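# Summary of the model geometry
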Amino acid sequence: PLSLTIVPTATLICPGQTVSLIGQGANNYTWTPPATLSGSTGALVNAFPMGTTIYTLTGEAGGCTGNAQITISVSPGPNLTINNTAN
């Protein structure tokens, strides 16, 4: 099997942010799940997960295939409250 690598620009993002995922080690690439990706093929895709998501990369070169996975976590962000202490 191929030895694939996924290089992310970050593995922890804030809600609404995008992260680039770069596949290395093959000639053809397929990414899943496609719903939160800018595309499902190619070495470079942008991910915009709504919550923590595991992305799978399947690569092919010379008739051989391989898989790699990466988890992108979405921080819940701060929980802000305002207390009115004025009299």
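Up top is the structure.
These lines cover the structure that appears in this document, whether it is placed above or below. (Residues numbered from 1 in each chain as written. Predicted model: local features only at pLDDT ≥ 70, side-chain atom pairs only at ≥ 80, totals over all residues. Heavy atoms only, no water.)

## What to know about the nonpolar core
Soluble, globular proteins show a tendency: their nonpolar side chains are buried together. Ranked by size, the top nonpolar core spans 19 residues in total, and within it Leu4, Ile6, Leu21, Trp31, Leu37, Tyr55 and Ile72 carry the most contacts. When residues of this core are traced back to their parent elements, those giving at least two are strand S3 (19-24), strand S4 (28-32), strand S5 (44-47), strand S6 (53-61) and strand S7 (64-74). Broken down by element, this core gets its largest block of residues, four residues, from S7. (Core = buried A, V, L, I, M, F, W, Y, C linked by side-chain atoms within 4.5 Å. Buried < 20%, exposed > 50% of the residue type's maximum accessible area, 1.4 Å probe, protein only. Helix = DSSP H or I, 4+ residues; strand = E, 2+ residues; numbered from the N terminus.)

## Topic: the sheet that holds S6
The four strands lie next to each other as S2-S7-S6-S4, forming an open sheet whose pairing is mixed. Each edge of the open sheet is held by one strand with a lone partner, namely strand S2 (12-13) and S4. When S6 meets S7, the two strands line up antiparallel, connected through nine bridges. Looking at the pairing, Thr53 lines up with Ile72 of S7. (Pairing = 2+ DSSP bridges.)

## Overview of the environment of Gly63
Note that Gly63 resides in the loop between S6 and S7. Taking the C-alpha atoms as reference, Gly63 lies 44 Å from Gly77; in sequence the two are 14 residues apart.

## A few points about unusual backbone geometry
A cis geometry characterises the amide bond from Thr32 onward to Pro33, with omega recorded as -5°. Tracing the chain through its elements places Pro33 in the loop between S4 and S5.

## Regarding the pairing of S7
For a regular strand, side chains alternate in direction, first toward one face of the sheet and then toward the other. As defined by bridge partners, S2 adjoins S7 across two bridges and the pair is classed as parallel. Residue pairing for S7: Leu12 is matched across the bridge by Ser73. Linkage of S6 to S7, two consecutive antiparallel strands, is achieved through a turn of two residues, within which Gly62 is found at a positive phi near 60°.

## Some details on a nonpolar patch on the surface
A cluster of nonpolar side chains, namely Val7, Ile22 and Leu44, defines an oily patch on the protein surface of about 230 Å² accessible area. By the secondary structure assignment, Leu44 is in strand S5. (Patch = residues over 30% accessible without salt bridge, like charges linked within 9 Å, V, L, I, M, F, W, Y side chains within 5 Å. Areas by Shrake-Rupley, 256 points an atom, 1.4 Å probe, with all protein chains shown as cover. Salt bridge = Lys/Arg side-chain N within 4 Å of Asp/Glu carboxyl O.)

## Regarding the environment of Asn28
Here Asn28 is to be found in strand S4. Taking the relative accessible area as the measure of exposure, Asn28 reaches 46% and is therefore partly exposed. If sequence neighbours within four positions are ignored, Asn28 has contacts with Thr58, Gly59 and Glu60. For Asn28, the side chain forms a polar contact with the side chain of Glu60, separated by 2.7 Å. (Contact = heavy atoms within 4.5 Å. Polar contact = N/O pair within 3.5 Å; in protein donor to acceptor, adjacent residues only side chain to side chain.)

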